[in-house]
Amino acid sequence: MLIVIAILLIVALALGGLMIYGKVQMGKVPGLTFEDALNYTTQGKTDARITVGIIRDDQASFTVYGENGQILPPEKHTYEIGSLTKTMTAALVSKAIGEGLVNPDTSIDAYLSLPAGKNYPTVAELLTHTSGYNGFYFETPMIGNFFSGKNSFFGISREMVLAKCKSLDMNKDSYGFTYSNYGYAVLGLVLEAVYEKDYTSLLNEFVQEELGMSATKISEHDGDLGNYWDWQENDGYLSAGAVTSNIEDMLHYAQLQLEDNPVFTRCHQSLKAINAASESHKLMGIHLDEIGMAWILDQENGFIWHNGGTGHYNSYLGFNPENRTAVVILSNLGPNDRIPATVLGVKKLLELKECVDCVTY
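Chains are numbered independently. Their residues run from 1 in the order of the written sequence. Under the rules for a predicted model, residues below a pLDDT of 70 receive no local features and side-chain atom pairs below 80 are neither given nor counted, while totals for whole chains, interfaces and linings still include all residues. Each side-chain value is derived from all of the structure's non-hydrogen atoms; neither hydrogens nor water enter the calculation.

As recorded by an unreviewed UniProt entry, the chain carries the name Beta-lactamase family protein and is attributed to Aristaeella hokkaidonensis.

Colleague: In this structure, what is going on with the packing of aromatic side chains? I would like to understand it.
Modeller: We describe a pair of aromatic rings using the distance from one ring centre to the other and the angle between the two ring planes. For Phe, Tyr and Trp, rings pair up if their centres lie within 6.5 Å, where Trp contributes its six-membered ring, and each pair is then called stacked (planes under 30 degrees apart), edge-to-face (over 60) or tilted (otherwise). With the rule as written, the count across this model stands at eleven aromatic pairs. Taken together, a centroid distance of 4.9 Å and an interplanar angle of 85 degrees make the contact between Y137 and Y182 edge-to-face. Remark: Y182 occurs in helix α7 (residues 181-195) and Y137 occurs in the loop between α4 (123-127) and α5 (141-148); sequence separation between them is 45 residues. Here's how the labels work: a residue is buried when its accessible area is under 20% of the maximum for its type, exposed when over 50%, partly exposed in between, all with a 1.4 Å probe on protein chains only. Look at Y137 and you get buried, because its relative accessible area is 11%. In this structure an aromatic cluster arises from ring pairing among Y79, Y228 and Y313. By definition here, charges over rings are those cases where NZ of Lys or CZ of Arg is within 6 Å of the ring centre and within 35 degrees of the ring normal. Above the plane of the ring of F154 lies K150, whose end atom (NZ or CZ) is 4.8 Å from the centre. Over the aromatic face of Y40 sits the side chain of R338, whose NZ or CZ is 5.5 Å from the ring centroid. Each helix corresponds to a stretch of at least 4 residues labelled H or I by DSSP, and each strand to a stretch of at least 2 residues labelled E; elements are numbered beginning at the N terminus.

Colleague: Just checking my understanding: could you explain the pattern of salt bridges for this structure?
Modeller: Should the charged atoms of two oppositely charged side chains come close, the side chains can pair. Only one rule defines a salt bridge in this text: a Lys or Arg side-chain nitrogen within 4 Å of an Asp or Glu carboxyl oxygen. Taken as a whole, this structure holds 13 salt bridges when the rule is applied. Here K95 ties to E99 by a salt bridge, and the two come within 3.1 Å at their closest N and O atoms. Assessed through its relative accessible area of 16%, K95 is described here as buried. Note that D222 is salt-bridged to K217, the shortest N-O span being 3.0 Å. Judged by its relative accessible area of 18%, K217 is buried. Salt bridges sharing common partners tie together K95, E99 and E210.

Colleague: Would you explain unusual backbone geometry in this entry?
Modeller: For residues other than glycine, phi is negative in most cases, and the peptide bonds are mostly trans. We note that H221 has phi near 60 degrees; this positive angle belongs to a residue other than glycine. Residue R338 is not a glycine yet carries a positive backbone phi of 60 degrees. Locating R338 in the fold gives a position in the loop between β12 (325-331) and α13 (341-354).

Colleague: Help me out: how do you make sense of the confidence of the model for the chain in this one?
Modeller: The predicted coordinates should not be examined in detail at positions where pLDDT is low. Looking at the chain, pLDDT values average 92 and 91% of them are 70 or higher. Across residues 18-25, confidence stays below pLDDT 50; counting only partners more than four residues off in sequence or on other chains, it has zero contacts. Think of pLDDT as the predictor's per-residue confidence, scored from 0 to 100. In this description, contact between two residues means that some pair of their heavy atoms is separated by no more than 4.5 Å.

Colleague: Help me out: how do you make sense of the side chain of N151 in this one?
Modeller: Looking at the element boundaries, N151 is found in the loop between α5 and α6 (158-167). Two N or O atoms count as a polar contact when they lie within 3.5 Å, although within protein this holds only if one can serve as hydrogen donor and the other as acceptor, and sequence-adjacent residues are included solely when both atoms are side-chain atoms. From its side chain, N151 meets the backbone oxygen of D230 in a polar contact 3.4 Å long. Aside from chain neighbours lying at most four places away, what touches N151 is N145, W229, D230 and W231.

Colleague: I tried to follow the packing of helix α3 (residues 85-98) against α7 on my own but got confused; where do I start?
Modeller: Lines fitted to the C-alpha atoms define the axes, with helices restricted to the stretch that makes contact. Angles between their N-to-C directions range from 0 to 180 degrees. Look at α3 against α7: their axes get within 10 Å of each other, and the N-to-C directions meet at 35 degrees. Like other packed secondary-structure pairs, α3 and α7 cross with a definite hand, here left-handed. Together, K86, T89, A90, L92, V93, K95 and A96 of α3 and N181, Y184, L187, L191 and Y195 of α7 make up the contact between the two elements. Basically, the charged four are Asp, Glu, Lys and Arg, the nonpolar ten are Ala, Val, Leu, Ile, Met, Phe, Trp, Tyr, Cys and Pro, and anything else, Gly included, counts as polar. Tallied by class, the residues present in the contact of α3 with α7 amount to eight nonpolar, two polar and two charged. By convention the crossing between two helices is left-handed if the near helix lies anticlockwise of the far one by an angle smaller than a right angle, and right-handed if it lies clockwise.

Colleague: Looking at this structure, how should I read the sheet that holds strand β5 (residues 217-218)?
Modeller: Each strand in a sheet pairs with its neighbour through backbone hydrogen bonds, running either in the same direction (parallel) or in the opposite one (antiparallel). A pair of strands is considered paired only if DSSP assigns at least 2 bridges between the two. Read from one edge of the open sheet, three strands run β4-β6-β5, paired in antiparallel fashion. Strand pairing shows two members of the sheet lacking a second neighbour, β4 (79-80) and β5, which therefore form its edges. Here two bridges tie β5 to strand β6 (residues 243-245), and the two strands are oriented antiparallel to one another. Bridging from a neighbouring strand, I218 pairs with V243 of β6.

Colleague: In this structure, what is going on with the pairing of strand β10 (residues 303-309)? I would like to understand it.
Modeller: Across a regular strand the side chains alternate sides, sitting on one face of the sheet and then on the other. Among the seven residues of β10, five are classified as buried, and the element is accordingly described as predominantly covered. Of the pairings in the sheet, the one linking strand β9 (residues 296-298) to β10 comprises three bridges and is antiparallel in character. Bridged to I296 within β10 is W305. The turn linking β9 back onto β10 is made up of four residues, and G302 within it adopts a positive phi angle of 80 degrees. Where β10 lies against strand β11 (residues 314-320), six bridges are found, and the strand directions are antiparallel. Paired with W305 across the strands is G318, a residue of β11. Turn length for the β10-β11 hairpin, with the two strands adjacent in sequence and antiparallel, is four residues.

Colleague: It is not clear to me how α13 should be interpreted in this structure. Could you clarify?
Modeller: Each turn of an α-helix holds 3.6 residues, which means side chains three or four residues apart point in the same direction. With 14 residues, α13 extends 20 Å from end C-alpha to end C-alpha; this agrees with the ideal 20 Å at 1.5 Å per step. Most of α13 sits inside the fold, with ten of its 14 residues counted as buried. All of the buried residues in α13 are A341, T342, V343, L344, G345, V346, K347, K348, L349 and L352. Helix span is expected to be 1.5 Å times the residue number reduced by one.

Here it is as structure tokens:
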């Protein structure tokens, strides 16, 4: 018994020490420059490939960084962009609104075959994560995914997403902000219903043919960096985070956000005040003040942004409409691996904001 107690005390002290160490280390991050943060994140990471893209003075450029912040040849690596997919789903909804196919203030039972007598969120509530839906709902495939190490949403079909939607009754007048992958899965179903086409075809045709982003698509588990998530053709969560892309396409996508295009400007308009930034967020300079159609509005800094993360990738796209600068960070490191792309992106945007004559990296 004494040995067990001693071991428990040692473990408790060790965990407490790690927590204190972690807080001390995190406390250093706000004072780091972008370069310092990048070097720390890639320190000792032999396989790290972090691509940093910048738009400034209507000129786009990018740099690929490897281990210890070393500059590598400018290859256009293929990255999972995770939840940045949601901004593309939102753009498709915006397109449907402009074509008169969707009313953002109409509840989703106008577009989906759902039981009568229940309350359903509006399209706008799904877009702003204020539908009351959870981030996700448990489905049986998640058990196998956990043990096999697959993407948690692998094998959760459209039919499962719709069945869960039929079972839920959102009976409150309003709900607060809860980031919901499930909500964007439902938006994918709405888009399929109004366009009578599967989401993969919708997304690929939209980004490749209409936006000119030829390397962007629903993941086919191909690319040069490896460790991509598996997806199935009938998966219901494709619209929440299944896109892969490269820096050239994502810089083009960032440039589109800076132009006067109604499909995108509609997405940037504030729909809800959410005030969702934690103290940790604020410490890192990250603000979630309001939300448009997927895009987060940082009123403190004047930025509009979104990020994404999968098992082995994390990404960030933010832009400053006032000085027409944008930053794209694409990383093949996981979102919890040292300093995430979001923090790196905010640091770079702040540097561009504060230094008019700074050199573009």
